[in-house]
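Listed below are the residues making up each chain.
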Amino acid sequence: MTHCTLRIRPGGEVHFVRDGPLQALTRQGPVQLRRASHIQPVCPPLRWLFRSLRRLAGDDGRLAAWTRRWPCRWRVDLRPSDGPVLKAFADRPAALAAEHAWLAVHILGRGGRP
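The structure presented is a predicted model; accordingly, all values stated were derived computationally and were not measured.

Reading the values: rules and limits
- Residues numbered from 1 in each chain as written.
- Predicted model: local features only at pLDDT ≥ 70, side-chain atom pairs only at ≥ 80, totals over all residues.
- Heavy atoms only, no water.
- Helix = DSSP H or I, 4+ residues; strand = E, 2+ residues; numbered from the N terminus.
- Expected span 1.5 Å × (residues − 1).
- Buried < 20%, exposed > 50% of the residue type's maximum accessible area, 1.4 Å probe, protein only.
- Polar contact = N/O pair within 3.5 Å; in protein donor to acceptor, adjacent residues only side chain to side chain.
- Phe/Tyr/Trp six-rings, centres within 6.5 Å; stacked < 30°, edge-to-face > 60°.
- Pairing = 2+ DSSP bridges.
- Axes fitted to C-alpha atoms, helices over the stretch in contact; angles between N-to-C directions.
- Contact = heavy atoms within 4.5 Å.

Caption draft 1: How the structure looks around helix 4 (residues 92-106). When the terminal C-alpha atoms of helix 4 are compared, their 21 Å separation across 15 residues agrees well with the 21 Å that a helix rising 1.5 Å per residue should span. Along helix 4, the residues classified as buried are Arg-92, Ala-95, Ala-98, Glu-99, Trp-102, Leu-103 and Ala-104. Its side-chain oxygen placed 2.9 Å from the backbone nitrogen of Ala-94, Asp-91 serves as the N-cap of helix 4.

Caption draft 2: Layout of the packing of aromatic side chains. If you walk through the whole model with that rule in mind, you get 3 aromatic pairs. Both rings, one in Phe-50 and one in Trp-70, keep their centres 5.8 Å apart while their planes meet at 75 degrees; by these two values the pair is edge-to-face. In this pair, Phe-50 is assigned in helix 2 (residues 44-57) and Trp-70 in the loop between helix 3 (62-68) and strand 4 (74-77), connecting sequence segments 20 residues apart. Like Phe-50, the residue Trp-70 is buried in the burial classification. Plain terms: the ring middles of Phe-50 and Trp-74 are 5.8 Å apart, the flat faces sit at 80 degrees to each other, and that makes the pair edge-to-face.

Caption draft 3: Inspection of the sheet that holds strand 4 at higher detail. On the basis of which strands lie adjacent, the open sheet formed by 3 strands has the order 3-4-5 and antiparallel pairing. A single partner strand is all that each edge strand has here, and the edge strands are strand 3 (38-41) and strand 5 (85-89). Going from strand to strand, the sheet's axes swing by 20 degrees on average, the running direction of each strand aside. Pairing of strand 4 with strand 5, which is carried by 3 bridges, proceeds in the antiparallel orientation. Following the sheet pairing, Trp-74 is matched in strand 5 by Phe-89. Sheet contacts for helix 2: strand 3 and strand 4; angle to strand 3, the most-contacted strand, approximately 130 degrees.

In short, the description is geometric, and any link to function would need to be established separately.
Here it is in structure tokens:
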């Protein structure tokens, strides 16, 4: 199931945080996307391997799904959104929750409500 939270600014600019495909949005016309963050392993060698595999295979498919299940500590790099790097989450779902909470406050302006 796709989840998308929108914030429409007074000038018509739309900011959103999505979890899933964008077909519904892209059918409405041209969409310019910008990555909000990167969720990656904390361990530098593992992070290098993760990035290398993603460059080769992309963010979709079986290889990408396998990398998401790695049993390691994860970090959230929010620098693409002018944010910090949040480190050392026990698993990827915990890192995703922290990412969504930060974006809800700093991008969507929702005062801490994800």
